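Listed below are the residues making up each chain.
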Amino acid sequence: MKETVVLNKKESQKSTLEQFKKEVNDGLNESLKTLPSKFFYDKKGDALFVEIMHLPEYYVTRSEHEIFKDKSASIIKALALDQDTYFELIELGAGDGMKTKELLQELSRENYKFDYIPVDISQNALEKLEKDLNQKMPHIAVKTKQGDYFEVLESLKENQHPKVILFLGSNIGNMPDDVAEVFIANLSENLNFGDKFFLGVDLIKPAAIVLPAYNDSKGVTAAFNLNLLERINRELDADFEIENFKHQPEYDEKQGIATSFLVSTKEQDVFIKKINKIFHFAKGEKILTEISRKYNDKILDKILKKTAFVIKDRITDRKKYFANYVLEH
Ligand code: AVI
């Protein structure tokens, strides 16, 4: 039994490595070289992202936390929950659950009947969260689910309990609009009529506020981006010279899209041994590492058009930097 588990873990590590190799190779062969931002999050990247969330310039986490801290009663009201009907509160990519804890506290204070189901790809993150919640809020039923979001939702679809899905932190903003549309449409296929989707998004605002959030004075975000090249060195046996690349965020204020690039500061070749290929970089050539989309009602409405969701309500922080939307199915 134990052996099977070990074998499965090895197999899954192998497929993750194959996937990493494939996506790095595909991305670096595009005319605008691209590396998917989902690969930021290895052990070092996770730690850097925790640092980013506490930076003074990174208003995103703080603004959404303010909503959960000050307005959890309004959130419950906007979700139109029935105090006597059991429901499932399902969080996609729960992380440390910092914001959600505020909502959990209010729900239990008001005697709502629910299970909290955090879903994450990382078993480690789930175990930490469960331990923390069991200690701090032992009266809350926590049922962690490790795995792919849609597989988990499909497995939960069978039961007829009302569901509230949380997808916070403007994580949706790291998807181009067409991908976000498919993501939300897939989500709606795994839900039943009346279920709710509580979506956290960063709102469109001036470049003077957005740009520093992606270019902090301590250089943590630069290290977060550059770690992607370090990860390729570590895991794919490559010879990126990190000092020959610099982090460069840009923001298109009209469209509301922030983009992060790593720019090659000289003409150079990089060999990636596990792909067995040399990649050439011209001086000034950019690698696109991330898009961080910002929203307003109109943009979100357009994305929702082809899905089964409509906007029911919206709660913002005091400065109106961030919004949590209640979407109904
Ligand atoms: C996770 N995601 C919403 C963050 C963002 O703002 O796009 C990732 C991040 N990248 C740089 N700083 C934070």
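Given the structure is predicted, the values throughout are model-derived calculations rather than measurements.

A.B. asks: Can you explain the environment of D120? Please cite residues and give values.
C.D. replies: Here D120 shows up in strand β2 (residues 114–120). For D120, a relative accessible area of 12% translates into the label buried. In this structure the C-alpha to C-alpha distance between D120 and T144, which are 24 residues apart in sequence, comes to 8.2 Å. Ignoring any residue separated from it by four or fewer positions in sequence, one finds D120 in contact with G93, A94, G95, L126, K145, Q146 and G147. Of note is the side chain of D120, whose polar atom sits 3.5 Å from the backbone nitrogen of G95. A distance of 3.1 Å separates a polar atom in the side chain of D120 from the backbone nitrogen of S122.

A.B. asks: Describe the packing of helix α7 (residues 177–189) against helix α10 (residues 297–304), naming the residues involved and giving the relevant values.
C.D. replies: Packing of α7 against α10 leaves a shortest axis separation of 9 Å and a crossing angle of 60°. Here α7 is positioned oblique relative to α10, judged by the angle of their axes. Contact residues: D177, A180, E181 and I184 in α7; I299, I303 and L304 in α10. Each residue belonging to the contact of α7 with α10 can be placed in one class, and the counts come to five nonpolar, no polar and two charged.

A.B. asks: Describe the environment of R314, with residues and values.
C.D. replies: Relative to the elements of secondary structure, R314 occurs in strand β12 (residues 310–316). A residue is classified by how much of its surface remains accessible, and R314, at 31% relative accessible area, is partly exposed. Residues R314 and A78 lie 236 residues apart in sequence; the distance between their C-alpha atoms is 8.1 Å. In this structure R314 touches L203, D297, A323, N324 and Y325, once residues within four positions along its chain are discounted. A polar contact is formed between the side chain of R314 and the side chain of D297, at a distance of 3.1 Å.

A.B. asks: Got a sec to walk through the site of the ligand? Specific residues and values, please.
C.D. replies: The full set close to the ligand counts 13 residues, and Y58, N174, Y214, E290 and S292 are the nearest of them. Residue N174 places a side-chain N or O atom 2.9 Å away from a nitrogen atom belonging to the ligand. Between the ligand and Y214 there is a distance of 2.5 Å, counted from an oxygen atom to a side-chain nitrogen or oxygen. The fraction of the free accessible surface of the ligand (340 Å²) that becomes covered by protein chains is 97%. At the level of elements, α2 (43–53), α9 (220–236) and β11 (286–293) are the ones that each hand at least two residues to the shell around the ligand. Grouping the constituent residues of the shell around the ligand by class yields six nonpolar, six polar and one charged.

A.B. asks: Give a description of helix α5 (residues 123–136) that names residues and reports values.
C.D. replies: Helix length check: α5 (14 residues) gives 20 Å between terminal C-alpha atoms against 20 Å at 1.5 Å per residue, within 8%. Among all positions in α5, only L126, L129, D132 and L133 are buried. The buried residues of α5 occupy one face: seen down the axis, they fall within an arc of 135°. The outward face of α5, more than 90 degrees from its buried face, is lined by the exposed residues N124, K128, K131 and Q135. Contacts made by the buried residues of α5 are with α4 (98–109), β2, β3 (141–142) and β4 (145–146).

A.B. asks: Can you lay out the side chain of E66 for me, pointing to particular residues and giving the numbers?
C.D. replies: Along the polypeptide, E66 turns up in helix α3 (residues 59–78). Of the residues examined, E66 reaches a relative accessible area of 16% and is grouped as buried. Contacts of E66, omitting those with residues within four sequence positions, involve K71, D317 and R318.

A.B. asks: Can you tell me about unusual backbone geometry, naming the residues and giving the values?
C.D. replies: Residue A80 is not a glycine yet carries a positive backbone phi of 50°. At D237, a residue that is not glycine, the phi angle is positive and equals roughly 55°.

The rules we used
- Residues numbered from 1 in each chain as written.
- Predicted model: local features only at pLDDT ≥ 70, side-chain atom pairs only at ≥ 80, totals over all residues.
- Heavy atoms only, no water.
- Helix = DSSP H or I, 4+ residues; strand = E, 2+ residues; numbered from the N terminus.
- Buried < 20%, exposed > 50% of the residue type's maximum accessible area, 1.4 Å probe, protein only.
- Contact = heavy atoms within 4.5 Å.
- Polar contact = N/O pair within 3.5 Å; in protein donor to acceptor, adjacent residues only side chain to side chain.
- Axes fitted to C-alpha atoms, helices over the stretch in contact; angles between N-to-C directions.
- Parallel < 35°, antiparallel > 145°, perpendicular 65-115°, else oblique.
- Nonpolar A, V, L, I, M, F, W, Y, C, P; charged D, E, K, R; others polar.
- Near = heavy atom within 4 Å.
- Areas by Shrake-Rupley, 256 points an atom, 1.4 Å probe, with all protein chains shown as cover.
- Expected span 1.5 Å × (residues − 1).
- Arc of directions from axis to C-beta.

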